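Residue strings, one per chain:
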Amino acid sequence: MRTLAPRGPLWVATRLHRRALWAGAGFLVLAVAALLYQRLHAASVADAFSATGCSVDTRSIRCGDPVRTYLNAELVFQRWLTYLRMFLLVLPGVVGAFVAGPVIARELESGTYKLAWSQSVTPARWLAAKLAVPLVCTVAAVSVLLGLHRWAVATGPDDHYGDFWYSSFRDIGIGPTALAYAVLGVALGAVTGLLVRRTVVALAATALAMGAVVLVLHEWLRPFLWPVLTDTTPIRRAADDWVVQEGVITAAGERITREECFAYGWRVSPCEKRPEGAVNFVDYHPASHLWPLQLVETGIVLALAAAAALVAFRVLRRLHA
């Protein structure tokens, strides 16, 4: 019997899922084309608006229609950027579900993996080939979308509707965190598919698990991934500071948060009564904390991905034994 060449498993994986890969490539092309169109349209409207001599703050009746046209075009453009950021958050779950279901669990469920293992292909190389295709394609697609997002934001019209730097949707489109979540989706899909070995169940379990990781780490724990700054002075902070917690510090050094004050009853709480020696406090992240928060979150996600990949290969070893 003819044995597979060293690149055989990779070729088989690509050939087997070529329709899904072509569909993903087509969707990527459409997404890029749609965003490029919105970016060019917004730039055209902005140039036409600039030629009128009006500004957003102009009160002149003459500028009413041009201002509305410009702001409407800008709003549509910002919505498309938001859709892209939302897609970058959802994509890891989609990729993980695809890996867990059709790529891994279906072969284990049907037993077709035994054919590859019987043709001088080790289980480790079989799994590596299965993961290489979605991993490379996903990283390439996310890189393209991140680059397009950064270019559109940097060269697009002024943002009168955008979120602050710490918003989840804006944050995910700035740095490497989206890439890390994509890698985690592939690794989590692999380990789930190997453990569950049922296509539909593995698909659903991976999507739920990936959603839980994004929700807990990116939405709940992200403010605490880097030490906050604490301000107890009445000096006004920057408008884009990310306020994490507010409250009162008593003369004895006890910190009482706004939530605790509401639990007391606001009118009788230290936040309202302000006992002698008490000062207000604000825990916040300045804009300079953007990259530390990004890099710490990226490191945690990549560590989770490495742990998931290690578990996947250990499960595969036991399955082969």
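In this numbering scheme, every chain counts its residues from 1 along its sequence in written order. In view of the model being predicted, local features appear only for residues whose pLDDT reaches at least 70, and side-chain atom pairs are presented and counted only at 80 or more, with totals across whole chains, interfaces and linings using the full set of residues. Excluding hydrogens and water, the side-chain values take into account all heavy atoms of the structure.

## What about the overall build of the chain?
To keep things clear, this is the line we draw: Secondary structure elements are defined from DSSP: runs of H or I of at least 4 residues count as helices, runs of E of at least 2 residues count as strands, and each element is numbered from the N terminus. Summary of the burial criterion: residues with accessible area below 20% of their type's maximum are buried, those above 50% are exposed, and those between are partly exposed, where the area comes from a 1.4 Å probe applied to protein chains only. Should any heavy atoms of two residues lie within 4.5 Å, those residues are counted as being in contact. Per-residue accessibility takes into account occlusion by the displayed protein chains alone, with areas from the Shrake-Rupley method and a 1.4 Å probe.
A count of helical and extended segments in the chain gives 11 helices and four strands. Put simply, the chain has 321 residues, and 42% of those count as buried. Here the analysis covers contacts within the chain between residues at least 6 apart in sequence; of these, 80% occur between residues at least 24 apart. When the accessible surface of the chain is totalled, it reaches about 17,600 Å², and 64% of it is carbon and sulfur.

## Section: the packing of aromatic side chains
Our working rule: Paired rings are identified among Phe, Tyr and Trp, the last through its six-membered ring, by centres lying within 6.5 Å, and are further divided according to the angle between planes into stacked (under 30 degrees), edge-to-face (over 60) and tilted (the rest). In this scheme, the term charge over a ring applies when either NZ of a lysine or CZ of an arginine sits within 6 Å of the ring centre and within 35 degrees of the ring normal.
Applying the stated rule across the entire model yields six aromatic pairs. Seen in terms of ring centroids, Phe27 and Phe87 are 5.3 Å apart; in terms of plane orientation they differ by 45°. Their pairing is tilted. Placement of Phe27 in helix α2 (residues 18-51) and of Phe87 in helix α3 (residues 64-110) is noted, with a sequence separation of 60 residues between them. Both rings, one in Trp80 and one in Tyr83, keep their centres 6.2 Å apart while their planes meet at 70°; by these two values the pair is edge-to-face. Here Tyr83 and Trp80 lie together in helix α3, a separation of three residues that amounts to about one turn. Each residue in the set Trp165, Tyr166 and Trp242 is aromatic and connected to the rest through ring pairs, giving one cluster. Here Arg39 stacks its cationic end above the ring of Trp151, 5.2 Å away from the centre of that ring.

## A word on the sheet that holds strand β4 (residues 279-285)
In plain terms, the rule: Pairing between two strands requires that DSSP report at least two bridges joining them. Throughout, an axis means a line fitted to C-alpha atoms (over the contacting stretch in the case of helices), and angles, computed between N-to-C directions, take values from 0 to 180 degrees.
Across the sheet, which stays open at both edges, the four strands sit in the order β1-β4-β2-β3 with antiparallel pairing between neighbours. Every other strand in the sheet has two partners, leaving β1 (229-231) and β3 (255-257) as the edge strands with one partner each. Taking each pair of neighbouring strands and ignoring which way they run, the sheet shows an average axis angle of 35°. Bridge analysis of β1 against β4 gives three bridges, and the strand direction is antiparallel. Bridge assignment links Thr230 to a residue of β4, and that residue is Asp283.

## Section: the side chain of Gln294
Quick reminder of the rule: The definition of a polar contact used here is a pair of N or O atoms within 3.5 Å, where within protein one atom must be able to donate a hydrogen and the other to accept one, and adjacent residues in sequence count solely through side-chain atom pairs.
Within the secondary structure layout, Gln294 lies in helix α11 (residues 290-320). Its relative accessible area of 1% is what places Gln294 among the buried residues. Within the structure, Gln294 has its side chain in polar contact with the side chain of Thr177 (distance 3.0 Å). Among residues more than four places away in sequence, those in contact with Gln294 are Asp171, Gly175, Pro176 and Thr177.

## Let's talk about α2
To be explicit about the condition: Multiply 1.5 Å by the residue count of a helix minus one, and that product is the helix's expected span.
Between its first and last C-alpha atoms α2 spans 49 Å; for 34 residues at 1.5 Å apiece the expected length is 50 Å, and the two agree. The complete set of buried residues in α2 reads Val32, Leu35, Gln38, Arg39, Ala42, Ala43, Val45, Ala46 and Phe49. Elements that come into contact with the buried residues of α2 comprise α3 and α5 (123-155). Backbone geometry just downstream of α2 places Gly53 in the positive-phi region, at approximately 80°.

## Comments concerning the confidence of the model for the chain
Predicted coordinates in areas of low pLDDT are best not read in detail. Quick reminder of the rule: The pLDDT score gives, residue by residue, the confidence of the prediction method on a 0 to 100 scale.
With 87% of its residues at a pLDDT of 70 or more, the chain has an overall mean of 82. Segment residues 1-6 is flagged for pLDDT under 50; beyond a separation of four residues in sequence, or across chains, it makes seven contacts in the model.

## Observations concerning helix α7 (residues 177-196)
The terminal C-alpha atoms of α7, which comprises 20 residues, lie 28 Å apart, in line with the 28 Å expected from a rise of 1.5 Å per residue. With 16 of its 20 residues buried, α7 lies for the most part within the structure. Downstream of α7 by a residue or two, Arg197 has a phi angle that is positive, lying close to 65°.

## A few points about a nonpolar patch on the surface
Here is the rule: In this scheme, patches are assembled from residues that exceed 30% relative accessible area and form no salt bridge. Like charges are connected within 9 Å, while nonpolar side chains (Val, Leu, Ile, Met, Phe, Trp, Tyr) are connected within 5 Å. The term salt bridge refers to a pairing of a side-chain nitrogen on Lys or Arg with a carboxyl oxygen on Asp or Glu at a separation within 4 Å.
Side chains of Leu215, Val216, Trp220, Leu221 and Phe224 sit close together on the surface and give an oily, nonpolar patch of about 510 Å² of accessible area. Tracing the backbone shows Val216 in helix α8 (residues 199-221).

## Observations regarding the pattern of salt bridges
Tallied over the entire structure, the rule returns two salt bridges. In this structure, Arg68 and Asp65 form a salt bridge, with 2.3 Å as the shortest nitrogen-oxygen distance. With a gap of three residues between them, Arg68 and Asp65 both fall in helix α3, about one helical turn apart. Across the pair Arg255 and Asp283 runs a salt bridge whose closest N-O atoms are separated by 2.3 Å. Taken as a pair, Arg255 in strand β3 and Asp283 in strand β4 lie far apart in primary sequence, 28 residues in all. A residue is classified by how much of its surface remains accessible, and Arg255, at 38% relative accessible area, is partly exposed.

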